[in-house]
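Remarks on the overall topology
Here's the letter readout for the chains.
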Amino acid sequence: MKRNQIKALSICSIIAISLTLLSAGINDNTMTKEDGMFVINTTSIGKDIEGYNGPTPLKIYIKKNTVVKIEALKSAESPKYYAKVKKALLEKWNGLKVKEASQLKVDAVTGATYSSEAVVKNVRLGLDYYQSHK
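A few points on the structure. All figures in this text were calculated on a predicted structure; none of them were measured in a lab.

**Brief notes about unusual backbone geometry**
Phi is positive for K64, which is not a glycine, with a value near 50 degrees. Looking at the secondary structure, you find K64 in the loop between strand 3 (58–63) and strand 4 (66–72). Residue class for K64 comes out exposed when judged on its relative accessible area of 72%. Of note in the backbone geometry, N65 takes a positive phi value of approximately 65 degrees without being a glycine. Structurally, the position occupied by N65 is in the loop between strand 3 and strand 4.

**Digging into the nonpolar core**
I70, L89, W93, V119 and L127 are the most contacted members of the largest nonpolar core, which totals 23 residues. Mapped onto this core, the elements with two or more residues apiece are strand 3, strand 4, helix 2 (79–89), helix 3 (98–102) and helix 4 (113–133). Among the elements that take part in this core, helix 4 stands out by supplying 6 residues, more than any other. Setting aside anything within four residues of it in sequence, one finds I70 in contact with L58, K59, I60, L90, W93, N94 and V123.

**Structural notes on helix 2**
What helix 2 keeps buried is the set Y82, V85 and L89. Seen along its axis, helix 2 keeps its buried residues to an arc of 55 degrees; they face one direction. Counted as exposed and oriented over 90 degrees from the buried face of helix 2: P79, K80 and K87. In this structure, the buried side of helix 2 is in contact with strand 3, strand 4 and helix 4.

**Focus on the sheet that holds strand 2 (residues 37–41)**
In spatial order, the strands read 1-2-3-4; together these 4 strands make up an open sheet with antiparallel pairing. Two strands in the sheet have a free side with no partner beyond their single neighbour: strand 1 (31–34) and strand 4. Mean inter-strand twist for the sheet, computed between neighbouring axes without regard to direction, equals 25 degrees. Where strand 1 lies against strand 2, 4 bridges are found, and the strand directions are antiparallel. Bridge pairing links E34 to M37 in strand 2. Most of the contacts of helix 4 go to strand 3, to which it runs at about 45 degrees, and overall it touches strand 1, strand 2, strand 3 and strand 4.

Rules used throughout
- Residues numbered from 1 in each chain as written.
- Predicted model: local features only at pLDDT ≥ 70, side-chain atom pairs only at ≥ 80, totals over all residues.
- Heavy atoms only, no water.
- Helix = DSSP H or I, 4+ residues; strand = E, 2+ residues; numbered from the N terminus.
- Buried < 20%, exposed > 50% of the residue type's maximum accessible area, 1.4 Å probe, protein only.
- Core = buried A, V, L, I, M, F, W, Y, C linked by side-chain atoms within 4.5 Å.
- Contact = heavy atoms within 4.5 Å.
- Arc of directions from axis to C-beta.
- Pairing = 2+ DSSP bridges.
- Axes fitted to C-alpha atoms, helices over the stretch in contact; angles between N-to-C directions.

This is the structure we're talking about:
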């Protein structure tokens, strides 16, 4: 190969690598800001945490290092049982400082153990993500 061809190939490689790295960061919607709050979306980071019928993604809203609310996103869980989980669990972390919330011991909802455990794991995962990326 000629010197110019090698140089052009090197430049193209550098550009391709740079674009790949940049695109990885652009599409990461795990932590965003909304109305002065950090919002942690566990859809991608918690994709392997499954309830009874599949993943149980959440949005965790944090303001001034305090959990404001937790919202369940669309899942394949049974609506009847998942409603019990959402009612019994999602407000448990509200008002707690992130460090305290991440260590909170929460009991599973009777009859919806897998879904409950998945929600608790997603909350901890999201709070840990916030603490390491804020």
